[in-house]
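Secondary and tertiary structure notes
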Amino acid sequence: IMDNIEVTPLEVWRGRVIAAQKFRATPEALARAESRKTRKAHAKKQACKAKRLQTVQAYSKSAFGSTMTSLRTDPAAGISRSQATLDEKGPVVQSSLEARAISTKASLALASLQRAAMAEEEEEAEDAIEQAREQLESAGHTWASEGSAGAEEAAMLLSTPGDSGGDNVVMAEILSDLKQEPVDDEDAARRFRLYEDHAATVASVRSSLF
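Summarised in this report is the structure supplied together with it. Computed from a prediction, not measured in an experiment: that's the story for all the values here.

Overview of the overall build of the chain
The helix and strand inventory of the chain stands at eight helices and zero strands. Written out in order from the N terminus, the α and β elements of the chain read α-α-α-α-α-α-α-α. Out of the 210 residues belonging to the chain, those deemed buried represent 36%. Considering only contacts within the chain whose residues lie at least 6 apart along the sequence, 72% involve residues at least 24 apart. Surface summary for the chain: the accessible area is close to 13200 Å², and the carbon and sulfur share equals 55%.

This is the structure in structure tokens:
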């Protein structure tokens, strides 16, 4: 009996399977398959976009918080553990010239992050994020050398509640500085520009998300 069994070559078998699939593939079935394929591709694209926007948000918050912490006129006043750690990872400012340089680089990095948030293609967004990372690292933000992981760690320091609970001490003090009567107009202008650039980045993230 075994001798009468015809051995079908693999190519012939595959051809028969394909032919059977085509026979059963009605226009409706093909439309459903194409719809599933489109939905999967869209879901994958949205997942990549959400991850990218999360990275942009972490970089923006860290750039703003770390730079503003470095620009504080009296950084030792009421210093918290989170701020001490953030200071170690941020630039050291010893002159008005250095303050101008790091704030300018931070603003350029925030502009790069805005482009990353609004980019249509992932490659374009990744290039913009890398440019922001390089700009921040060159300004003295050592956390930026660790990429997105460093940005997320720095952002977490800005989100950690104070010793007594409640709002984060570092971010509260940073925002409190903006409410004080400015002694140095140039310093005040730097701080408010950073605040506006960070706010514009947050707005870009929200606009791209919704």
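Focus on the pattern of salt bridges
Tallied over the entire structure, the rule returns eight salt bridges. The salt bridge partner of Glu-186 is Arg-190, with a shortest N-O separation of 3.2 Å. One end of the pair, Glu-186, and the other, Arg-190, are both in helix α8 (residues 185–209), four residues apart, so they sit about a helical turn from each other. Via salt bridges that share partners, Arg-100, Glu-186, Asp-187, Arg-190 and Arg-191 belong to a single interconnected network.

Quick look at the environment of Pro-91
Residue position: Pro-91 is located in the loop between α3 (81–89) and α4 (96–118). The exposure class assigned to Pro-91 is buried, which follows from its relative accessible area of 8%. Sequence separation between Pro-91 and Thr-67 is 24 residues; the distance between their C-alpha atoms is 7.4 Å. Leave out the neighbours within four places in its chain, and Pro-91 touches Ser-66, Ser-70, Ile-102, Ala-139, Gly-140 and His-141.

With respect to the side chain of Ser-70
In this structure, Ser-70 sits in helix α2 (residues 27–70). For Ser-70, a relative accessible area of 14% puts it in the buried group. Looking at Ser-70, its side chain comes within polar contact range of the main-chain oxygen of Ser-66, at 3.1 Å. Those residues in contact with Ser-70, other than ones at most four positions away along the chain, are Gly-90, Pro-91, Val-93 and Ile-102.

Some remarks on helix α5 (residues 122–138)
Its 17 residues place the ends of α5 24 Å apart at the C-alpha level, agreeing with the 24 Å of an ideal helix rising 1.5 Å per residue. Listed in full, the buried residues belonging to α5 are Ala-125, Ala-128, Ile-129, Ala-132, Arg-133, Gln-135 and Leu-136. Angularly, the buried residues of α5 cover 165 degrees about the axis, an arc narrow enough to put them on a single face. For α5, the exposed residues lying more than 90 degrees away from the buried face are Glu-123, Glu-126 and Asp-127. Considering only its buried residues, α5 is in contact with α2 and α4. Looking one or two places after α5, you find Gly-140, whose phi comes out positive at around 110 degrees.

Side note on the nonpolar core
Formed by 33 residues in total, the largest nonpolar core has its most connected members in Val-56, Tyr-59, Leu-136, Trp-143 and Leu-194. Of all the elements in the fold, those that place two or more residues in this core are α2, α4, α5, α6 (148–157), α7 (169–179) and α8. In terms of residue count, α4 provides more of this core than any other element does, eight residues in total. What Trp-143 contacts, discounting residues up to four positions off in sequence, is Tyr-59, Ser-62, Ala-63, Ser-66, Lys-89, Leu-136, Gly-150, Ala-151 and Ala-154.

Overview of the packing of α4 against α5
Across the interface, α4 lies against α5 with an axial gap of 8 Å and an inter-helix angle of 170 degrees. Relative to α5, α4 is oriented roughly antiparallel. In this structure, α4 crosses over α5, and the sense of that crossing is left-handed. Residues Lys-105, Ala-106, Leu-108, Ala-109, Ser-112, Leu-113, Arg-115 and Ala-116 of α4 form the contact with α5, whose participating residues are Ala-125, Ala-128, Ile-129, Gln-131, Ala-132, Gln-135, Leu-136 and Ser-138.

Calculation criteria
Residues numbered from 1 in each chain as written. Predicted model: local features only at pLDDT ≥ 70, side-chain atom pairs only at ≥ 80, totals over all residues. Heavy atoms only, no water. Helix = DSSP H or I, 4+ residues; strand = E, 2+ residues; numbered from the N terminus. Buried < 20%, exposed > 50% of the residue type's maximum accessible area, 1.4 Å probe, protein only. Contact = heavy atoms within 4.5 Å. Areas by Shrake-Rupley, 256 points an atom, 1.4 Å probe, with all protein chains shown as cover. Salt bridge = Lys/Arg side-chain N within 4 Å of Asp/Glu carboxyl O. Polar contact = N/O pair within 3.5 Å; in protein donor to acceptor, adjacent residues only side chain to side chain. Expected span 1.5 Å × (residues − 1). Arc of directions from axis to C-beta. Core = buried A, V, L, I, M, F, W, Y, C linked by side-chain atoms within 4.5 Å. Axes fitted to C-alpha atoms, helices over the stretch in contact; angles between N-to-C directions. Parallel < 35°, antiparallel > 145°, perpendicular 65-115°, else oblique. Left-handed = near helix turned anticlockwise from the far one by under 90°.

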